[in-house]
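Here's the letter readout for the chains.
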Amino acid sequence: MIRSHPGILAGQHGFELDMDGERTVWFNLVARSGLLNKTGARWREAMGKGRKTDGSAGDVDYAEIGRTYSRFRQPDPIIEAQIHRALGNAETVLNVGAGAGSYEPAHCKVTAVEPSASMRAQRPPHLAAAIDAVAEDLPFEDQSFDASMASVTVHQWSNLEAGLAEMRRVTRGPVVLLVCDPDLMLDYWLSDYIPEVREVEASRFPSIKRITAALGNNTVVQNVPIPLACQDGFNEAYYGRPEAFLNEEARLACSSWSLVPRAAVKRFVSELSADLVSGRWDKKYGHLRSQPFFDGPLRLVIGKAG
């Protein structure tokens, strides 16, 4: 079955093949729009290389772990407001590694890029369909967008510097990245129970220094405080709600859990369950249940134009 859906520009439409191994047919559309850059052929050739079964371009296959991702990774309004402030007065925004669409500004014309078919399929109907492309080779002309954004995705890219150079190339204004600082990953109670997960995360995320160096001198870094009832279920979101980690689907909404041995996860569930029943967790960390914000490793990196 072929279905029509909104394209990358207002008033345009593309067509998507509704089948396993789907590929979105955008090239004629994008070429007509004038946005397709000279690397389009190179991107098209690279489409089938280094990708997982559903097109995932990173170190995990979202066809296996991402089916319920959108249930647990909802945009948190407090974090969303900070991201939208960083986008400034942008009217057109590119979202790279867009996933299910978290944090896309509804008041802007958004073009979403997402290599995983599983993630593209979970985008709600009110959002524009995502283009099947990768950060390192964006099929757009120079300075096509007022601003660009990437939310907790840079650790999945095969080449950070290439991806950020592409975002800078196609963006007139700010490049806004929601990332985690790997130097702060182990400063969290979860490390006491399953350091394997935190070590994996720390090894995957590039350093803030490396990110800012790639974006250039006109870059600022902001702390992103995490609210107690955070709706975006990354690991730190549950700093005061430890019971959430006993839900396997909630855990797998953070890809790092799929990269550690099953035995470690089984040990974690057993130990945390026991400590919650005995009150041991609350004796040590119970103050977090009422702490309104947690200042963890989440950072907003804003590369300004010029």
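Source: prediction; values computed, not measured.

Novice: Can you tell me about the sheet that holds strand S6 (residues 147-151), naming the residues and giving the values?
Specialist: With mixed pairing, the six strands of this open sheet are ordered in space as S5-S4-S6-S7-S11-S8. Edge strands, defined here as strands with exactly one partner in the open sheet, are strand S5 (109-113) and strand S8 (219-223). Averaged over all pairs of adjacent strands, the angle between strand axes in this sheet comes to 20 degrees, irrespective of strand direction. The pairing of strand S7 (residues 175-180) with strand S11 (residues 298-303) spans six bridges and is antiparallel. Bridge pairing in S11 places Cys180 opposite Leu298.

Novice: Talk me through helix H12 (residues 262-278); I want residue IDs and the actual numbers.
Specialist: Each full turn of the α-helix corresponds to 3.6 residues, which orients residues three or four apart in the same direction. Taking 1.5 Å as the rise per residue, H12 with 17 residues should run 24 Å; its terminal C-alpha atoms sit 24 Å apart, in good agreement. Among all positions of H12, only Ala264, Val265, Phe268, Leu272, Asp275 and Leu276 are buried. Each buried residue of H12 lies within a common arc of 105 degrees when the element is viewed along its axis, so the set occupies one face. Relative to its buried face, H12 has exposed residues pointing more than 90 degrees away, namely Arg262, Ala263, Lys266, Val277 and Ser278. Residues of H12 that are buried in the fold lie against helix H8 (190-193), helix H9 (195-204), helix H11 (248-252) and helix H13 (280-285). The positive-phi residue at the C-terminal boundary of H12 is Gly279, with phi of around 90 degrees.

Novice: Could you give an account of the nonpolar core, with specific residues and numbers?
Specialist: In this structure, Ile79, Ile83, Leu178, Trp189, Ile194, Phe245 and Trp257 are the most contacted members of the largest nonpolar core, which totals 50 residues. By residue number, the principal contributor to this core is H12, which donates five residues. In contact with Ile79, not counting residues within four places along its chain, are Tyr103, Leu178, Val224, Pro225, Cys230, Phe234 and Leu298.

Definitions and limits used
Residues numbered from 1 in each chain as written. Predicted model: local features only at pLDDT ≥ 70, side-chain atom pairs only at ≥ 80, totals over all residues. Heavy atoms only, no water. Pairing = 2+ DSSP bridges. Helix = DSSP H or I, 4+ residues; strand = E, 2+ residues; numbered from the N terminus. Axes fitted to C-alpha atoms, helices over the stretch in contact; angles between N-to-C directions. Expected span 1.5 Å × (residues − 1). Buried < 20%, exposed > 50% of the residue type's maximum accessible area, 1.4 Å probe, protein only. Arc of directions from axis to C-beta. Contact = heavy atoms within 4.5 Å. Core = buried A, V, L, I, M, F, W, Y, C linked by side-chain atoms within 4.5 Å.

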